[in-house]
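Spelled out, the chains give:
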Amino acid sequence: MNKKNSVFIATSLDGYIADKNGKIDWLNSIPNPNNNDMGYVEFINNIDALIMGRTTFETVCGFDVDWPYNKPVFVLSNTLSKISEEYKGKAFLIKGTLTEILEQIYQKGCFKLYIDGGTTIRNFLKADLIDNIIITTIPILLGGGSPLFSELPKELKFELIKSKTFLNQVTQNHYSRKK
């Protein structure tokens, strides 16, 4: 089976995924009158499941929308002991090392995975477990917040596969891991 761990995320020009208060409302700072999804639907249609950390899960649960995923969501957490009733059958708590977690998810028939959430992405990168990164850059400088990247134990090389511009000012770059 073709196993692939992919990231699809937006950052500010200075590389933050949330502002100093943990907010992401700046993602809507560029008018998008036609609600262009910037490739998200195509991306999500090509994955089997999502892996996200507790903070990202709680952020998504706090959105004033219906549950946005039609794929299984695996939540990594050392502090949660269970998923609340309203998300049972949609989100699943999973524990272990990253390789143990991946093996558990593969055993469920999910091989193309969407890795989401700052800490989760950084941990997957530290373990060299990311195959593709799609970064959409919003032209705003936040001056601080939650960074997408952190220190790594070794250099990881990626190659640019394609680049797109949306709304005449939002850039999206697709990178693939060079091994």
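With that settled, the discussion passes to the overall build of the protein chain. Within the protein chain, the regular secondary structure consists of four helices and 10 strands. Listing each helix as α and each strand as β along the protein chain from the N terminus yields β-β-α-β-α-β-β-α-β-α-β-β-β-β. In summary, the protein chain has a C-alpha radius of gyration of 16 Å against a globular reference of 16 Å for 179 residues, a match within 12%. Judged by the C-alpha coordinates and their principal axes, the protein chain covers about 40 × 40 × 30 Å. Within the protein chain, buried positions represent 43% of all 179 residues. Pairs at least 24 residues apart make up 65% of the contacts formed inside the protein chain by residues separated by at least 6 positions. Of the roughly 10,200 Å² of accessible surface on the protein chain, 48% is carried by carbon and sulfur atoms.

With respect to the element layout, Ser-6 can be found in strand β1 (residues 4-12). Among the polar contacts made by the side chain of Ser-6, one reaches the side chain of Asn-132 at a distance of 3.5 Å. Each residue touching Ser-6, except ones within four places of it in the same chain, is listed here: Phe-43, Leu-113, Tyr-114, Ile-115 and Asn-132.

Turning our attention to the state of the cysteines. Throughout the structure, instances matching the rule amount to zero disulfides. Free of any disulfide, Cys-110 has its nearest cysteine sulfur in Cys-61, 19 Å distant.

Moving on: helix α3 (residues 98-107). Within α3, burial applies to Leu-98, Ile-101, Leu-102, Ile-105 and Tyr-106. Viewed end-on, α3 has its buried residues packed into an arc of 135°, placing them on one side of the element. Looking at α3, the residues exposed on the side facing more than 90 degrees away from the buried face are Thr-99 and Gln-107. Where α3 is buried, its residues meet β1, β3 (49-53), β4 (73-76), β5 (91-94), β6 (112-116) and α4 (118-126). Among the residues trailing α3, Gly-109 stands out with phi positive, at a value near 85°.

Right, let's talk about the pairing of β6 for a bit. Among the five residues that make up β6, four are buried, leaving the element largely enclosed by the rest of the structure. Strand direction decides the pairing type here: β1 and β6, joined by three bridges, are parallel. Residue pairing across strands places Ser-6 opposite Tyr-114, the latter belonging to β6. Bridge count for β3 against β6 is four bridges, and the pairing is parallel. Its bridge partner lying in β6, Ala-49 is registered against Leu-113.

So, about the packing of aromatic side chains. Counted under the stated rule, the structure contains 10 aromatic pairs. Ring plane angle 70° and centroid distance 5.6 Å describe the contact between Phe-8 and Tyr-40, whose orientation is recorded as edge-to-face. Of the two residues, Phe-8 is situated in strand β1 and Tyr-40 in helix α1 (residues 40-45); the sequence distance between them amounts to 32 residues. Given a relative accessible area of 10%, Phe-8 falls into the buried group. Between Trp-67 and Tyr-87, the ring centres sit 5.0 Å apart and the planes meet at 50°, which makes this aromatic pair tilted. In this pair, Trp-67 is assigned in the loop between α2 (54-61) and β4 and Tyr-87 in the loop between β4 and β5, connecting sequence segments 20 residues apart. This pair shows no difference in class: Trp-67 is buried, exactly as Tyr-87 is. Among the aromatic residues, those joined into a cluster by ring pairs are Phe-8, Tyr-40, Phe-43 and Tyr-114. Sitting over the ring of Phe-158, Arg-177 keeps its end group 5.8 Å from the ring centre.

What counts, and at which threshold
Residues numbered from 1 in each chain as written. Predicted model: local features only at pLDDT ≥ 70, side-chain atom pairs only at ≥ 80, totals over all residues. Heavy atoms only, no water. Helix = DSSP H or I, 4+ residues; strand = E, 2+ residues; numbered from the N terminus. Rg over C-alpha atoms; globule rule 2.2 N^0.38 Å. Buried < 20%, exposed > 50% of the residue type's maximum accessible area, 1.4 Å probe, protein only. Contact = heavy atoms within 4.5 Å. Areas by Shrake-Rupley, 256 points an atom, 1.4 Å probe, with all protein chains shown as cover. Polar contact = N/O pair within 3.5 Å; in protein donor to acceptor, adjacent residues only side chain to side chain. Disulfide = S-S within 2.5 Å. Arc of directions from axis to C-beta. Pairing = 2+ DSSP bridges. Phe/Tyr/Trp six-rings, centres within 6.5 Å; stacked < 30°, edge-to-face > 60°. Lys NZ or Arg CZ within 6 Å of the ring centre and 35° of its normal.

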